[in-house]
Each structure stands twice: as C-alpha cells, then as structure tokens.
Amino acid sequence: MTTSSGFRLLPEYFDRPLQQQLVDTLRDLLSEAPLFQPVMPRTGKAFSVRMSNCGSLGWVSDINGYRYQANHPVTGKPWPQMPDVLRDLWHDVAPGAPEPEACLINFYEPGARMGLHQDRDEEMFEAPVVSVSLGDTATFRIGGQTRKDPTRSMRLASGDVVVLGGETRLAFHGIDRVLDGTSTLLKNGGRINLTLRRVTKPSQTS
Ligand code: MD3
Ligand code: FE
C-alpha cells in the first residue's frame, strides 16, 4: 500500500458533460438517500450545509458526536453504492490506495459555509481525501496542521478535483463562501462537494 503526495488541484478534471452526468447520478442517489441536516455535537447547532453519503460507510454528525456509520440516520437504510465514475476517479488520482469506503455529499445553498476544521474521524490517514466540486465556485481556505498556522485561500470551481495526501491530509481547512451565480450547472444555484475517503485500515492479505 502506498499513498501520500501533498496537495494537488486538478482544475476542471470533469468537463461540463461529465459534470452534468454526475449531477444526474447524484439526483437519483439523493432520492434514495435524502440530504439530512447535521448538527454539531454537544450544542446541537445546525450546520449550514446539508449532507448525504454513498459507499459502504457514511459520515454523520449529531448531538452525540461525529462518526462513520453504515446506515442513513433518517431512513435507516444502507447508503447507496458509490457510483463507478467516483471509483474510477479514485483509482486515477490515488493509485495503490485501498478502495474508497465513503463518499460524503455536502450541499451548500447560497450563503452556506464550513468553518475551519481537520478531518480526523477516519482510522487511517495514509490514503488521501479526494474532493470534487460541482456548481457555484467556492472560496476554500487551507492552513497547516495546527489551527494557528497561516492559511491561504483559493477558489474551487465546478469540475475541479482536489487530492489531499501526505501532510495536507491533516491540514485545517474550510469553505469561507460560495459565490452566487458563478455556475449554471445546478438549476437553483448552490454548490455540491463530494469527498471520497478510505475510513478503515485495510485488512492484511497476502
Ligand atoms: C483538506 N469539505 O467534507 S473539500 C469536508 O468543500 C470538507 O465541502 C469541504 O472539508 C467542501 O470535510 C472541502 C476539500 C477538502 C476535503 C478534505 C480535506 C480539503 C481537505 C482534508 C484535509 C485537508
Ligand atoms: Fe473537511
């Protein structure tokens, strides 16, 4: 098992027709596994982002904490399968990494944001996180491994893929804002972000 290779931005990895196909695929998927409203552990304060997942595991946040689980928190059903187009992306940009288990689907309405945080609910950090942006452009902020490290800002546009491996895997990051009217992909505006992850340590074989 290999991996790592810091931060990679692949601008417009998906061209417009493929973005449209992805949105169509996501529409079907979200009818099976509807967006839910996550809340912060302890405080119960709602996120401004709504979420769903596909793959064998999904990330959820509720009053009790953050965790990965096999079932949708509202319907109780298993998450839908990860579409082939996302598996193919993973194999292309994370060759040699164990198979992805979770794809978190974040939906940002105009005005939604995501505060600076680290992603550390997974059991392994050797595999990268792979992100796909669809719809309106977002201002993305990324810093270092501690909250006080300096941050830089960049734009993520529709079709862009980001691969976060190596030391950037544990970097603080967030979405400052979604820029209204910057894409025509989603009829009612807003932004979708997909994050593909390996959650569990692969079992030793051979
Ligand atoms: C940098 N999502 O779901 S994607 C998240 O656009 C999340 O919805 C943002 O942060 C979004 O946890 C950012 C780009 C991204 C994803 C994972 C990272 C950047 C990352 C993990 C480590 C460092
Ligand atoms: Fe994150």
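These figures come from a predicted structure and were not determined experimentally.

**Q** Before we move on, could you go through the overall build of the protein chain and cite the residues and values that matter?
**A** Tallying secondary structure elements over the protein chain gives two helices and twelve strands in all. When the helices and strands of the protein chain are placed in sequence order, the string is β-α-β-β-β-α-β-β-β-β-β-β-β-β. Computed over its C-alpha atoms, the radius of gyration of the protein chain comes to 16 Å, within 12% of the 17 Å expected for a compact globule of 206 residues. Over its C-alpha atoms, taken along the principal directions, the protein chain stretches across nearly 50 × 40 × 40 Å. In the protein chain, which comprises 206 residues, the proportion classed as buried is 50%. A separation threshold of at least 6 residues defines the contact pool for the protein chain, and within that pool the share at least 24 residues apart is 74%. For the protein chain, the accessible surface area stands at approximately 10100 Å², while carbon and sulfur atoms represent 51% of it.

**Q** Tell me about the coordination of the iron ion (ligand 2), and name the residues and values.
**A** For the iron ion (ligand 2), the full set of protein donor atoms is His117 (NE2), Asp119 (OD) and His173 (NE2), at a range of 2.0 to 2.3 Å. Motif for the iron ion (ligand 2), donor spacing along one chain: H-x1-D-x53-H. One end of the pair, aspartate 119, is in the loop between strand 6 (114-117) and strand 7 (129-135); the other, histidine 173, is in strand 11 (residues 173-178), and 54 residues separate them in sequence.

**Q** How would you sum up the nonpolar core? Please name residues and give values.
**A** Judged by nonpolar contacts, the single largest core of 29 residues is most densely connected at Cys103, Val130, Val132, Leu134, Val161, Ile192 and Leu194. Elements supplying a minimum of two residues to this core: helix 1 (16-32), helix 2 (84-93), strand 5 (102-108), strand 7, strand 10 (161-164) and strand 12 (191-197).

**Q** Tell me what's going on with the sheet that holds strand 12, and back it up with residues and numbers.
**A** The antiparallel open sheet is built from six strands, whose spatial order is 1-10-7-12-5-2. Two strands lie at the open edges of the sheet, namely strand 1 (7-10) and strand 2 (49-55), each paired on one side alone. On average, adjacent strands in this sheet sit at an angle of 15° to one another, irrespective of strand direction. Of the pairings in the sheet, the one linking strand 7 to strand 10 comprises four bridges and is antiparallel in character. Among the inter-strand pairings, valine 130 is bridged to a residue of strand 10, identified as valine 163. Relative to the sheet, helix 1 contacts strand 2, strand 5, strand 7 and strand 12, its axis offset from that of strand 7 by approximately 100°.

**Q** Break down the environment of aspartate 149 for me, citing the residues and quoting the values.
**A** Relative to the elements of secondary structure, aspartate 149 occurs in the loop between strand 8 (138-142) and strand 9 (152-156). Judged by relative accessible area, aspartate 149 falls into the partly exposed class, the value being 27%. At 3.0 Å, the side chain of aspartate 149 and the backbone nitrogen of glutamine 145 are in polar contact. Separated by 3.0 Å, the side chain of aspartate 149 and the backbone nitrogen of threonine 146 make a polar contact.

**Q** Give me the lowdown on the state of the cysteines, citing residues and values where you can.
**A** This model, assessed by the stated rule, comprises zero disulfides. A disulfide-free cysteine, cysteine 54 has its sulfur positioned 4.0 Å from the sulfur of cysteine 103, the nearest such atom. A relative accessible area of 0% means that cysteine 103 is categorised as buried.

Calculation criteria
- Each chain carries its own residue numbering, running from 1 in the direction its sequence is written.
- Both sets of labels track the order of writing: A upward for chains, 1 upward for ligands.
- Only residues with pLDDT of at least 70 are given local features in this predicted model, and only at 80 or more are side-chain atom pairs given and counted; all residues enter the totals for whole chains, interfaces and linings.
- Values shown for side chains rest on all heavy atoms present in the structure; no hydrogens or waters enter the calculation.
- Helix numbering and strand numbering both begin at the N terminus, where a helix is a DSSP run of H or I of at least 4 residues and a strand a DSSP run of E of at least 2.
- The globule rule used here is 2.2 Å times the number of residues to the 0.38 power, and the radius of gyration it is set against is calculated over C-alpha atoms.
- The rule is simple: take the accessible area with a 1.4 Å probe, protein chains only, and divide by the maximum for that residue type; under 20% is buried, over 50% is exposed, in between is partly exposed.
- Here, residues are in contact when the closest pair of their heavy atoms is within 4.5 Å.
- Surface accessibility follows the Shrake-Rupley procedure with a 1.4 Å probe radius. Residue values consider only the protein chains on display as shielding.
- Coordinating donors are taken as N, O and S atoms within 2.8 Å of the metal, stretched to 3.2 Å for Na, K and Ca; because water is absent from the atoms, sites can appear incomplete.
- Here the nonpolar core consists of buried residues drawn from Ala, Val, Leu, Ile, Met, Phe, Trp, Tyr and Cys, with membership extended through side-chain atoms lying within 4.5 Å.
- When DSSP finds two or more bridges between a pair of strands, those strands are recorded as paired.
- Here an axis means a line fitted to C-alpha atoms, over the contact stretch when the element is a helix, while the angle between two N-to-C directions is reported on a 0 to 180 degree scale.
- A 3.5 Å cut-off defines polar contacts: any pair of N or O atoms within that distance qualifies, except that in protein one atom must be a possible hydrogen donor and the other a possible acceptor, and neighbouring residues in sequence count only when both atoms are side-chain atoms.
- Two cysteine sulfur atoms make up a disulfide if the distance between them is within 2.5 Å.

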